[in-house]
Amino acid sequence: FPGWENDLDVMLRELGCVAVRLIPGYHSYSLYSDEAVAAACKAAELGLPLIVTMRMMDERSHHPRMVVPPVSVEEVRYLLRQVPEGRFVLSHVLYSEVCALRAELELVAEGVWEISYKPPAFLVERAIQEFGAERLLYGSAMPLQYPESILLMVQGADVSPAEKSAILSENARRVFRLEGRPW
């Protein structure tokens, strides 16, 4: 949107912004656009993680005249390749989409994903085996979902207490650089 640079400056100076979030599907822009790449570059320059929201809710539940398609894996792949110095959090992402973006997530300075969107039953254990616990963040998907469903999935997973702690809090502290913050 016009003026996003000034908005970001205010958010940093006055509001303590710890990340930049892009919601291209609902805001009707492409990650191939020069402005999306510029926003990713600016976030990287400022050391802020860029949250890329793939979707907000299951497309099958949209009204037929208001369907908002998910962001394509190819657009996300493009953005990650354009800004390898960036720190990225994929949000509302399917496990299959994360798997398709694995190489790009390993190329960027930081590449993690939050696990709120339609996780399969095996998610926590398999994702730790395939990606490592340091790449997973608890995501509540509030207010569109009940936060307890994902929390219980992590708490009940057959993984170590250290891995659970990483997913539920430590990774977020690292990614969003929350250590020493007043909250």
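Cut-offs and rules
Residues numbered from 1 in each chain as written. Predicted model: local features only at pLDDT ≥ 70, side-chain atom pairs only at ≥ 80, totals over all residues. Heavy atoms only, no water. Helix = DSSP H or I, 4+ residues; strand = E, 2+ residues; numbered from the N terminus. Expected span 1.5 Å × (residues − 1). Buried < 20%, exposed > 50% of the residue type's maximum accessible area, 1.4 Å probe, protein only. Arc of directions from axis to C-beta. Contact = heavy atoms within 4.5 Å. 1 Å grid on protein atoms, 1.4 Å probe; cavity = no way out; pocket = protein on both sides within 12 Å on 5 of 7 lines; lining within 4 Å. Points joined across faces, edges and corners; volume = space filled by probe spheres on them. Nonpolar A, V, L, I, M, F, W, Y, C, P; charged D, E, K, R; others polar. Core = buried A, V, L, I, M, F, W, Y, C linked by side-chain atoms within 4.5 Å.

Draft legend 1. Quick look at helix H3 (residues 34-46). When the terminal C-alpha atoms of H3 are compared, their 18 Å separation across 13 residues agrees well with the 18 Å that a helix rising 1.5 Å per residue should span. For H3, the set of buried residues is Ala36, Val37, Ala39, Ala40, Ala43 and Ala44. Seen end-on, H3 carries its buried residues on one side only, within an arc spanning 160 degrees. Looking at H3, the residues exposed on the side facing more than 90 degrees away from the buried face are Asp34 and Glu45. For H3, the elements touching its buried residues are helix H1 (4-15), strand E1 (20-22), strand E2 (49-53) and helix H4 (73-82). Just past H3, the residue Gly47 takes up positive phi, approximately 75 degrees.

Draft legend 2. Spatial organisation of empty space enclosed by the protein. Inspection of every chain in the model, using the stated rule, returns two cavities of 30 Å³ or more. Forming the walls of the largest cavity are 14 residues, and the residues nearest its centre are Tyr26, Met54, Arg55, Met56 and Pro69. Taken together, the residues of the lining of the largest cavity break down into nine nonpolar, three polar and two charged. Considered as a void within the structure, the second largest cavity measures approximately 30 Å³ in volume. Around the second largest cavity sit Val93, Tyr95, Trp113, Glu114, Ile115, Ser116, Tyr117, Pro119, Pro120 and Leu123, which together line it. Looking at the lining of the second largest cavity residue by residue, the classes come out as eight nonpolar, one polar and one charged.

Draft legend 3. Focus on the nonpolar core. With 45 residues, the main nonpolar core has Leu50, Val76, Leu79, Trp113, Ile115 and Val124 as its most contacted residues. For this core, the element with the most residues is H3, which contributes six residues. Not counting residues within four places of it along the chain, the set of residues in contact with Leu50 comprises Val20, Leu22, Ala40, Ala43, Leu79, Arg87, Phe88 and Val89.

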